[in-house]
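Coordinate inspection notes
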Amino acid sequence: MFHLVSAIGWLFLQPLSLVAIMIAVSLLTAFLGWRRLSLAASGLSLLVLVLSAWTTLGALVLGPLEDRFHKPEPVPDRVDGIVVLGGGLEGSINMARGGYELNASGDRFVEVAILARRFPQARILISGGQGAVFLAGEGDADTAPRLLSALGVAAERLVLENRSRDTFENAVFSRELVEPVAGETWLLVTSAFHMPRAVGVFRKAGFPVTPWPVDYKTAGNEKPGLAEDNALDSLRNTTLGIREWIGLVAYRMAGRTDALFPGPKPSSR
């Protein structure tokens, strides 16, 4: 139920949806002769669109998320396993065409292929089922073996978790599958903006992991002002950032993490 409610809620809360809703309200109120309300709604829709697509709002929202965790220094001498969270593959296209098309977060799987060569003894856990509510597709754990095999990763090293639909289930099902023991080192690979929530959930599930963030969306030095990126990328960053902050709040309220903004040191609460 949490997964369904989250998907439906986000359908209405994302910036483009808010713009569409405000435009619809503006047209309806104009038709009813409510001039001031119509102007307010149209002005609000324009403001949301401009802030989301033509300013650095997206980068500023994503920045604190991406800077929260860094790759470990020094790098562990031994790595027992690598967990990569799904979300980097085009599920609907791959289901239809049988390939392994990457999306904007495909760096997750590129990095895993690199880490597989760097730590040849490590198991590789791919966690990601079909999480989309409104679009049918193939889960990343079903697609990734084709990609990693083509990149030279042996199939016997792969552990596939294809039931999870969200980050909480990633953590719970992954722990059940590999049963990590004390003293083992497991790297967690996911997008940098997603790492705080992912680490918080894995801690809550009792699966100690070492963050290995990838797929950065910002340079980290953006200042308030007009966007230096194209409008579509700026809009995407704003959407990603708002969604992730809402996700952090929702997960904390639901008890799926022990901290609102998980950091390198676990919460003492």
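As a starting point, this report considers the structure included with it. Not measured: the values here are computed from a predicted model.

Here is what the cut-offs are and how they apply
- Residues numbered from 1 in each chain as written.
- Predicted model: local features only at pLDDT ≥ 70, side-chain atom pairs only at ≥ 80, totals over all residues.
- Heavy atoms only, no water.
- Phe/Tyr/Trp six-rings, centres within 6.5 Å; stacked < 30°, edge-to-face > 60°.
- Helix = DSSP H or I, 4+ residues; strand = E, 2+ residues; numbered from the N terminus.
- Buried < 20%, exposed > 50% of the residue type's maximum accessible area, 1.4 Å probe, protein only.
- Lys NZ or Arg CZ within 6 Å of the ring centre and 35° of its normal.
- Axes fitted to C-alpha atoms, helices over the stretch in contact; angles between N-to-C directions.
- Parallel < 35°, antiparallel > 145°, perpendicular 65-115°, else oblique.
- Left-handed = near helix turned anticlockwise from the far one by under 90°.
- Contact = heavy atoms within 4.5 Å.
- Pairing = 2+ DSSP bridges.
- Expected span 1.5 Å × (residues − 1).
- Polar contact = N/O pair within 3.5 Å; in protein donor to acceptor, adjacent residues only side chain to side chain.
- Core = buried A, V, L, I, M, F, W, Y, C linked by side-chain atoms within 4.5 Å.
- Nonpolar A, V, L, I, M, F, W, Y, C, P; charged D, E, K, R; others polar.

Once that is clear, we can look at the packing of aromatic side chains. Under the criterion given, the structure shown has 3 aromatic pairs. A centroid spacing of 5.6 Å and a plane angle of 80° characterise the contact between Trp-186 and Phe-207, whose relative ring orientation is edge-to-face. A residue pair is termed long-range when its members are at least 10 positions apart, and Trp-186 in strand 4 (residues 186–191) and Phe-207 in the loop between helix 9 (195–204) and strand 5 (210–214) qualify at 21 residues. Taken as a pair, Trp-186 and Phe-207 share a single burial class, namely buried. In this structure an aromatic cluster arises from ring pairing among Trp-186, Phe-202 and Phe-207. The side chain of Arg-163 reaches across the aromatic face of Phe-173, ending 3.8 Å from its centre.

A separate point is the packing of helix 4 (residues 57–66) against helix 10 (residues 231–253). Across the interface, helix 4 lies against helix 10 with an axial gap of 7 Å and an inter-helix angle of 40°. With respect to their mutual orientation, helix 4 and helix 10 come out oblique. Between helix 4 and helix 10 lies a crossing of left-handed hand. Contacts between helix 4 and helix 10 involve Leu-57, Gly-58, Ala-59, Val-61, Leu-62, Pro-64 and Leu-65 from the first element and Ser-234, Asn-237, Thr-238, Leu-240, Gly-241, Ile-242, Glu-244, Trp-245 and Leu-248 from the second.

Whether parallel or antiparallel, the strands of a sheet pair through hydrogen bonds between backbone atoms. Taking strand neighbours across the sheet as the criterion, the 5 strands line up as 3-2-1-4-5 in an open arrangement whose pairing is parallel. The two strands at the open ends of the sheet, each matched to only one other strand, are strand 3 (158–161) and strand 5. Between one strand axis and the next, the sheet turns by 20° as a mean value, whatever way the strands run. As paired strands, strand 2 (residues 123–127) and strand 3 are joined by 4 bridges and run parallel to one another. In the strand pairing of strand 3, Ile-124 is matched with Leu-158. The strands touched by helix 8 (residues 167–178) are strand 1 (81–85), strand 2, strand 3 and strand 4; relative to strand 3, the strand with the most contacts, the crossing angle is about 130°.

Another point: helix 8. With 12 residues, helix 8 extends 17 Å from end C-alpha to end C-alpha; this agrees with the ideal 16 Å at 1.5 Å per step. Inspection of helix 8 places Thr-167, Glu-169, Asn-170, Ala-171, Phe-173, Ser-174 and Val-178 among the buried residues, and these make up the whole buried set. Those residues of helix 8 that are buried are in contact with strand 1, strand 2, strand 3, strand 4, helix 9 and helix 10. Where helix 8 begins, one side-chain oxygen reaches toward the backbone nitrogen of Phe-168, 3.3 Å away; that side chain belongs to Asp-166.

One broad trend across soluble globular proteins is that nonpolar side chains are buried collectively. Ranked by size, the top nonpolar core spans 23 residues in total, and within it Ile-82, Ile-124, Ile-126 and Val-189 carry the most contacts. Breaking this core down by element, the ones donating at least two residues are strand 1, helix 6 (107–118), strand 2, helix 7 (140–150), strand 4 and strand 5. The greatest single-element share of this core, amounting to 5 residues, is contributed by helix 6. Setting aside its immediate chain neighbours within four residues, Ile-126 contacts Val-84, Phe-109, Asp-140, Ala-141, Ala-144, Leu-148, Leu-158, Val-159, Leu-160 and Glu-161. In this structure, Phe-69, Leu-125, Leu-188 and Phe-202 belong to the second largest nonpolar core, which totals 17 residues.

This part covers the environment of Ala-59. Residue placement: Ala-59 occurs in helix 4. The buried category is assigned to Ala-59, whose relative accessible area is 13%. Note: C-alpha distance between Ala-59 and Pro-224 (165 residues apart in sequence) is 9.1 Å.

Moving on to the packing of helix 2 (residues 15–31) against helix 3 (residues 35–54). Two numbers describe how helix 2 lies on helix 3: the axes approach to 8 Å, and their chain directions differ by 160°. Here helix 2 is positioned roughly antiparallel relative to helix 3, judged by the angle of their axes. The two elements helix 2 and helix 3 cross, and the hand of that crossing is left-handed. Where helix 2 approaches helix 3, its residues Pro-15, Val-19, Met-22, Ile-23, Val-25, Ser-26, Thr-29 and Ala-30 are matched on the opposing element by Leu-37, Ser-38, Ala-41, Ser-42, Leu-44, Ser-45, Val-48, Leu-49 and Ser-52. Across the contact of helix 2 with helix 3, the residue classes break down as 11 nonpolar, 6 polar and no charged.

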